[in-house]
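# Reading the structure
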Amino acid sequence: MRRLGGRQQGANDLTTEQAARIREALVPALGYLGRLRERMDRTGFAPDDELRGLTSAAYDAVHHLCVEMHYLSCSSGVGRTGRFRGIGG
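Since we're looking at a predicted model, the values are computed, not measured.

### Topic: the overall build of the protein chain
Assigned secondary structure in the protein chain consists of two helices and two strands. For the protein chain, the N- to C-terminal ordering of α and β elements is β-β-α-α. Expressed as a percentage of its 89 residues, the buried residues of the protein chain come to 25%. Expressed as a percentage of contacts within the protein chain between residues at least 6 apart in sequence, the contacts between residues at least 24 apart total 54%.

And the structure:
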């Protein structure tokens, strides 16, 4: 990991523009995973099927990352909280 001024770089070191670009790059994958999950449901994949579960978990993780990048891209209000919230936080 790249060091920034003698410390490791983290989420709060991203500029709002960098966070927005990362989010924009993730959105197509989020859409694809959402459509794939819907297609699996329409074609009869069992809810407890391993591949269906992995697809759903991937969608949820990318969605969470998109939300975090959105917050980090805000210059005021919901943006910089002083720390990255992480999953479940």
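### Comments concerning the nonpolar core
One finds L26, L30, L33, Y59, V62 and C66 forming the largest nonpolar core, which totals six residues. Looking at this core, the elements with two or more residues in it are helix 1 (16-42) and helix 2 (50-73).

### A word on the packing of aromatic side chains
Throughout the structure, instances matching the rule amount to zero aromatic pairs. When the ring centre of Y59 is taken as origin, the NZ or CZ atom of R37, which lies over that ring, is 4.2 Å away.

### Remarks on the pattern of salt bridges
Where charged atoms of side chains with opposite charge meet at close range, the side chains can pair. What the rule picks out here adds up to two salt bridges. A salt bridge links D60 to R37; the nearest nitrogen and oxygen atoms lie 3.7 Å apart. Of this pair, D60 sits in helix 2 while R37 sits in helix 1, and the two are 23 residues apart along the sequence. Residue class for D60 comes out partly exposed when judged on its relative accessible area of 44%. Of the charged contacts, one joins D41 and R52 as a salt bridge, the two residues approaching to 2.7 Å between their closest N and O atoms. One end of the pair, D41, is in helix 1; the other, R52, is in helix 2, with eleven residues separating them in the sequence. Here R52 falls in the buried class, since its relative accessible area comes to 14%.

### Remarks on the environment of M40
Structurally, M40 can be placed in helix 1. Once you skip the residues sitting within four places of it in the chain, M40 turns out to touch F45, L51, R52 and T55.

### Some remarks on the packing of helix 1 against helix 2
Between two packed helices, what matters for the description is the angle formed by their axes and the separation of those axes. The geometry of helix 1 relative to helix 2 is characterised by a closest axis approach of 8 Å and an angle of 155° between their N-to-C directions. If you check the angle between helix 1 and helix 2, you find them roughly antiparallel. As helix 1 runs across helix 2, the sense of the crossing is left-handed. Split by residue class, the contact of helix 1 with helix 2 holds 17 nonpolar, seven polar and five charged.

Cut-offs and rules
- Residue numbers here run from 1 along each chain, matching the order of that chain's written sequence.
- The predicted origin of the model limits local features to residues at a pLDDT of at least 70 and limits the giving and counting of side-chain atom pairs to 80 or more, whereas totals for whole chains, interfaces and linings rest on all residues.
- For the side-chain quantities, the full set of heavy atoms in the structure was used; hydrogens and water were omitted.
- Per the convention used, a helix needs a DSSP run of H or I reaching at least four residues, while a strand needs a run of E reaching at least two, with both numbered from the N terminus.
- Accessibility here uses a 1.4 Å probe with only protein chains present; expressed as a share of the type maximum, an area under 20% marks a residue as buried, one over 50% as exposed, and anything in between as partly exposed.
- Any pair of residues with heavy atoms lying within 4.5 Å of one another is described as a contacting pair.
- In this description, a nonpolar core means a group of buried Ala, Val, Leu, Ile, Met, Phe, Trp, Tyr and Cys residues linked to one another through side-chain atoms lying within 4.5 Å.
- Centre distance within 6.5 Å is the pairing criterion for rings of Phe, Tyr and Trp, where only the six-membered ring of Trp is used; planes under 30 degrees apart are then read as stacked, over 60 as edge-to-face, and the remainder as tilted.
- Cation placement over rings: the criterion is NZ of Lys or CZ of Arg within 6 Å of the ring centroid and within 35° of the ring normal.
- Here a salt bridge means any side-chain nitrogen of Lys or Arg lying within 4 Å of a carboxyl oxygen belonging to Asp or Glu.
- Axes here mean lines fitted to C-alpha atoms, for a helix over just the part in contact, with angles spanning 0 to 180 degrees between N-to-C directions.
- By the definition adopted for this analysis, an angle is roughly parallel if under 35 degrees, roughly antiparallel if over 145, roughly perpendicular if from 65 to 115, and oblique otherwise.
- The handedness criterion is simple: a crossing whose near helix is rotated anticlockwise from the far helix by less than a right angle is left-handed, and one whose near helix is rotated clockwise is right-handed.
- Under the convention adopted here, Pro, Cys and the residues Ala, Val, Leu, Ile, Met, Phe, Trp and Tyr are nonpolar, Asp, Glu, Lys and Arg are charged, and Gly plus all remaining residues are polar.

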